[in-house]
Amino acid sequence: MMHAYKYLTNLTASKSQRQTIFWFSLSMTFNFMFALVAFEEAFGSDYVIQDDARQHVFWMWRFIDPQLYPNNLMADYFQSVAQPGYAAIYRLAAFMGIEPIFLSKILPSILGLITTAYCFGVVLEILPVPVAGFVGSALLSQSIWLKDDLVSGTARSFLYPLVLASFYYLLRRSLWGTLLSLLILGLIYPLPLLILAGILVLQLVRWQNGKLGLSRQKNDYLFCGAGLLVIFIVLLPAALGTSQYGPTVTLDQAKEMAEFSEQGRNFFFISDPIKYWLYAGRSGFFPLEWSNLPYSYFPVLFAVGLLLPVLTRFPERFPLVKQITSNIWLLPQLALVSTVLFLAAHALLFKLYLPSRYTQYSIRILMAISAGIVLTVVWDAIVRACAPKANSRATAKPLIALACTLVLGMTLFGYPIAIRQNEDYNFQRIFSYRKGEYPKVYRFFKKQPKDILIAGTVIDEASKIMSLTRRSMLVTRENSIAYHTKYYKEISQRATDTIEAQYSPDLETVKDFIQKYEIDFWLLDRDYLLSPRSAEKRQKKSFDRTYNWLMQFPGTADAQERAEQGTIPALANLVDRCSVLEQRKLMVVDANCILEASPE
């Protein structure tokens, strides 16, 4: 037992030592296990697209073929808001012949390994015990893979590896490594730079002679000044630039918009104050998935991590805390800066974007590192206490130590296995991969000219069409983001016109809509053919996401009222005659056929 203990807890930060290599390799292997599960979901069908990739990746087909999505508002908008570094990665991949959707599926596995490597290094800079590096990086691997940020392949996927790289080089006092990581982060996903700027400023504050004061180390001022200069240069274009799609929505405007209400597409203002401040995805302090008890045990680990300051006060009982280095300052500073920015973002809605972006990612990192150190320190204390004495034949204490070791192992390895076998909360749901279930429809649109335009607002499947077929939709729910006023004004108008045309009893209204937007095909769902609310979901009183979204636009309530009165939409009378393809409940209708139809 003691021989194994010495091997596991040998104090070394040298990357050449066998213990470090062993635990680092195990950390990388543990992370890649999640990647294999993600591959299984991502490549389980010919038509699969991750939820957020439907917004931020689909337009990158233009890097393969510039003729795709001609004059498409949604593609133009998301291309305009993409950070240059993020777009450059996909452009380079396209130049090498790698398709964007494929890259979005394999990129998370690469970024996950980089995250694990830097997390392992950060932990060792704080507590130079290889097993602590493994426990901390394993906890972080669980946390980031059990959320759809990393797996999306979007700019947010780069947050963890680049932020941890910045922490690592800052702890190592590597100026060029720190500056380079800050620069790359700013070019791909700049929002965390505000957190790093706060941490750099705190480098100038030191506890000296029993009181706070400014640092006397020139190196601290060099790091702070150079880091802030890079951050300033990277953020300056965004601060001074204006979007062609209008200014960002103001707080007063958002309060008046249904889109930001509790049932809205960009829901933010939630009536439950506990949920609003603690667990809401856009306004809450803690990660949203942590509220999904009993499926998430991360809140417990977060509480465990809070014990770290307590353990340091009892070095005799927890000897390993003596090995904690002065780099422990990173954890309280990260917590302080993130909390301040969270409160500032709430006070300045929406000038600093969403408040949750400043704490939820930081908390996952803090939880993993602090809980990893605490679990290692406590495990070390238990093993020491249970170590057999010389000439002792007692076996109970070593068995206790072995049991604690098994519990720690099950904490790390058992939870992902349990998640995979759970029917209510599993990887398929967590990863948010959307499987296309209408291959005939996709193949049909792929064969059509590249400049066609498809109407089909009243259907959730519309959000997948542009990614899976590379053909343009007029408007979709997934891309109806309400943060830029000019963009959303046009999106709202298109959605309103589509709803009015689809449910109008007047054929001329339908024809005017087709001619106004030069529609080539109309994608319809039989469940929503007569009413903007599915009859089946209405009868079962179940949640209808499509209807909730449509209720944000003028005309939906009137359309629903006409449907309840038995009014038949003009379009519904033409689907059988003008349909060119039907697969289960989806129908593709030829717009030219509708234009040629007579009122009779």
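Values in this document were obtained by computation on a predicted structure and should not be read as measured data. Every chain begins its residue count from 1, and numbering advances along the sequence as written. Totals for whole chains, interfaces and linings use all residues, but because this is a predicted model, local features are given only for residues with pLDDT of at least 70 and pairs of side-chain atoms are given and counted only at 80 or more. In computing side-chain properties, one takes all heavy atoms of the structure into account and sets aside hydrogens as well as water.

Q: Can you explain the nonpolar core? Please cite residues and give values.
A: Remark: nonpolar core denotes a set of buried residues (Ala, Val, Leu, Ile, Met, Phe, Trp, Tyr, Cys) joined through side-chain atoms within 4.5 Å. Exposed residues in this analysis have more than 50% of their type's maximum accessible area, buried residues have under 20%, and partly exposed residues fall in between, with area computed by a 1.4 Å probe over protein chains only. Counting residues in hydrophobic clusters, the biggest one holds 170 residues, and the most contacted among them are F167 and F445. At 13 residues, the largest contribution of residues to this core is made by helix α19 (residues 360-386). Contacts between residues were defined by any pair of non-hydrogen atoms, one from each residue, lying within 4.5 Å. Residues within four places of F445 in sequence aside, it is in contact with I452, I454, I465, T469, R471, F521, L523 and V588. In this structure, L474, W522, L524 and L571 belong to the second largest nonpolar core, which totals 25 residues. Note on conventions: DSSP H or I runs of at least 4 residues are helices, E runs of at least 2 residues are strands, and numbering of each starts at the N terminus.

Q: Quick one: what's the story with the pattern of salt bridges, residue by residue and with numbers?
A: Side chains bearing opposite charge may pair, as long as their charged atoms lie close to each other. We count a salt bridge whenever a side-chain nitrogen from Lys or Arg sits within 4 Å of a carboxyl oxygen from Asp or Glu. Per the counting criterion, the structure on display carries 22 salt bridges. Here R584 ties to E437 by a salt bridge, and the two come within 3.9 Å at their closest N and O atoms. You can see R584 sitting in the loop between β8 (579-583) and β9 (586-590) and its partner E437 sitting in the loop between β4 (433-435) and α22 (439-446), a full 147 residues away along the chain. Residue classification places E437 among the partly exposed positions, given a relative accessible area of 45%. Measuring nitrogen to oxygen at the nearest pair gives 3.5 Å for the salt bridge that ties D525 to K585. You can see D525 sitting in strand β7 (residues 521-525) and its partner K585 sitting in the loop between β8 and β9, a full 60 residues away along the chain. Here the salt bridges share partners, and the residues they tie into one network are D52, K147, D148, D149, R156 and R364.

Q: Tell me about the state of the cysteines, and name the residues and values.
A: Cysteine sulfur pairs qualify as disulfides if the two atoms are within 2.5 Å. Applying the stated rule across the entire model yields one disulfide. One disulfide bridge connects C578 with C593, the sulfur atoms lying 2.1 Å from each other. Between C578 and C593, the S-S dihedral sits near -70°, and the bridge is therefore left-handed. Of this pair, C578 sits in helix α29 (residues 575-578) while C593 sits in helix α30 (residues 591-596), and the two are 15 residues apart along the sequence.

Q: How would you explain the side chain of R471 if you had to name every residue and give the values?
A: You can see R471 is positioned in the loop between α23 (462-469) and β6 (472-473). At a separation of 2.9 Å, a polar atom in the side chain of R471 contacts the main-chain carbonyl oxygen of K446. Discounting chain neighbours no more than four positions away, the residues touching R471 are L68, Y69, F445, K446, Q448, P449, K450, I452, I454, I465 and M466. Identification of polar contacts relies on pairs of N or O atoms within 3.5 Å, with a donor-acceptor requirement for protein atoms, meaning one able to donate a hydrogen and the other able to accept it, and with residues adjacent in sequence counted only if both atoms are side-chain atoms.

Q: Account for unusual backbone geometry, with residues named and values stated.
A: Going from L349 to F350, the amide bond is cis rather than trans, its omega being -10°. Note that F350 resides in the loop between α18 (330-347) and α19. Look at Y353: it is not a glycine, yet its phi comes out positive at around 70°. Positive phi is not limited to glycine here, since E518 has a value of about 55°. Position of E518 among the secondary structure elements: in the loop between α25 (507-517) and β7.

Q: Mind laying out the layout of surface pockets, listing which residues take part and the relevant values?
A: Buriedness of a pocket was judged along seven lines, with at least five required to meet protein on both sides within 12 Å; pockets are open sets of points on a 1 Å grid over the protein atoms alone, cavities are sets where a 1.4 Å probe fits but cannot get out, and lining residues have an atom within 4 Å of a point. Grid points are joined across faces, edges and corners, and a volume is the space filled by probe spheres set on the points. Approximately 450 Å³ is the volume attributed to the second largest pocket. The wall of the second largest pocket is formed by 20 residues, among which L306, P309, L331, P332 and A335 lie closest to the centre. Within the residue set of the lining of the second largest pocket, elements represented by two or more residues are α16 (298-305), α17 (308-311), α18 and α19.

What is shown is where atoms sit, not what they do.
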